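# Fold and contact review
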Amino acid sequence: MTLTHWTPEDLSSRVDEVLSVYAEAMGYPAEVARMRQGFVVSHSQREGLRAVAVTAADDRLLGFGYGYLGGPGQWWHDQVGEWLTPEEYRRWMSDVFELVELQVRPEAQGRGLGARLLAELLGDAPGSTVVLSTPEADESKSRAWRLYRRTGFVDLARHRLFPGDDRPFAILGRDL
């Protein structure tokens, strides 16, 4: 397995594979994931983009992660900002690296790939904080939740619904 940093062009050119991993890891139908293609391509042009990937020996994508500097006027940033108090917003969202995706194919989970991707992604990330959203789950059973807790993420908001998804999400953050 190889861990690499991706350029914006790498992320855009492999968007179909990225969305395949995303669909598998999130349990979404492939057609729902394909609707995110434009979002991923536009995200690849955001300020402060960092993207990493883990590939198998045959170059098959096993996992990826990416994020960028967030700010007012960006949909996710504004959505999350509505759920925070003014003090929380200043603390968490004023100089934030938004961790947009951290996904590992289910058959590749449990081997430390998510932890490697997260560490590499956040190692030199811009910003003073990192914030993410993740589906609500039993923290003792969810690999993602165990990873986030183990790496210092705390609750910022819980049981929030994003438009277009009927699953509740948690908003988590930590200092960089």
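Right above here is the structure, for reference.
I will try to describe carefully the structure that is included in this document. (Residues numbered from 1 in each chain as written. Predicted model: local features only at pLDDT ≥ 70, side-chain atom pairs only at ≥ 80, totals over all residues. Heavy atoms only, no water.)

Every other side chain in a regular strand lies on the same face of the sheet, so the side chains alternate between the two faces. Burial runs high along strand 5 (residues 129-135): six of the seven residues are buried. Handedness of the crossover joining strand 4 (residues 96-104) and strand 5 through helix 7 (residues 113-123): right-handed. Two strands pair when backbone bridges link them, and strand 5 and strand 7 (residues 169-175) are joined in this way by seven bridges, in the antiparallel orientation. For leucine 132, the partnering residue across the bridge sits in strand 7 and is leucine 172. (Buried < 20%, exposed > 50% of the residue type's maximum accessible area, 1.4 Å probe, protein only. Helix = DSSP H or I, 4+ residues; strand = E, 2+ residues; numbered from the N terminus. Right-handed = clockwise from strand over helix to strand, strands pointing away. Pairing = 2+ DSSP bridges.)

What follows covers the pattern of salt bridges. Summed over the entire model, instances satisfying the criterion amount to 13 salt bridges. With a closest N to O distance of 3.4 Å, arginine 14 and aspartate 59 form a salt bridge. Of the two residues, arginine 14 sits in the loop between helix 1 (8-13) and helix 2 (15-26) while aspartate 59 sits in the loop between strand 2 (50-55) and strand 3 (61-69), which places them 45 residues apart along the sequence. Overall, arginine 14 belongs to the buried group, its relative accessible area being 14%. Residue glutamate 24 pairs with arginine 105 through a salt bridge whose shortest N-O separation is 2.6 Å. Of this pair, glutamate 24 sits in helix 2 while arginine 105 sits in the loop between strand 4 and helix 7, and the two are 81 residues apart along the sequence. When its relative accessible area of 33% is taken as the criterion, glutamate 24 is described as partly exposed. Given a relative accessible area of 5%, arginine 105 falls into the buried group. Sharing partners across several salt bridges, the network here consists of Glu136, Glu139, Arg149, Asp155 and Arg158. (Salt bridge = Lys/Arg side-chain N within 4 Å of Asp/Glu carboxyl O.)

One finds Tyr66, Val80, Val131 and Ile171 to be the most contacted residues of the largest nonpolar core, which totals 32 residues. Going through the elements one at a time, helix 2, strand 2, strand 3, helix 5 (75-82), helix 6 (86-93), strand 6 (154-160) and strand 7 are the ones with two or more residues in this core. Element by element, the count of residues in this core is highest for helix 2, at seven residues. If near-sequence neighbours (up to four positions away) are discounted, valine 131 is found in contact with Trp76, Trp92, Met93, Val96, Phe97, Glu98, Leu99, Leu156, Ile171, Leu172 and Gly173. Leu62, Phe97, Leu102 and Ala170 belong to the second-largest nonpolar core, a separate cluster that totals 22 residues. (Core = buried A, V, L, I, M, F, W, Y, C linked by side-chain atoms within 4.5 Å. Contact = heavy atoms within 4.5 Å.)

A word on the side chain of histidine 77. Relative to the assigned elements, histidine 77 resides in helix 5. We classify histidine 77 as buried; its relative accessible area is 0%. At a separation of 2.7 Å, a polar atom in the side chain of histidine 77 contacts the side chain of tyrosine 89. In this structure, histidine 77 is in contact with Gly70, Gly71, Pro72, Tyr89, Met93, Val96 and Glu98, ignoring residues within four places of it in sequence. (Polar contact = N/O pair within 3.5 Å; in protein donor to acceptor, adjacent residues only side chain to side chain.)

The next point concerns the side chain of threonine 129. By secondary structure assignment, the location of threonine 129 is in strand 5. One polar contact links the side chain of threonine 129 to the main-chain carbonyl oxygen of tryptophan 92, over a distance of 2.8 Å. Excluding residues within four positions of it along the chain, threonine 129 makes contact with Arg91, Trp92, Asp95, Val96, Phe97, Arg174, Asp175 and Leu176.

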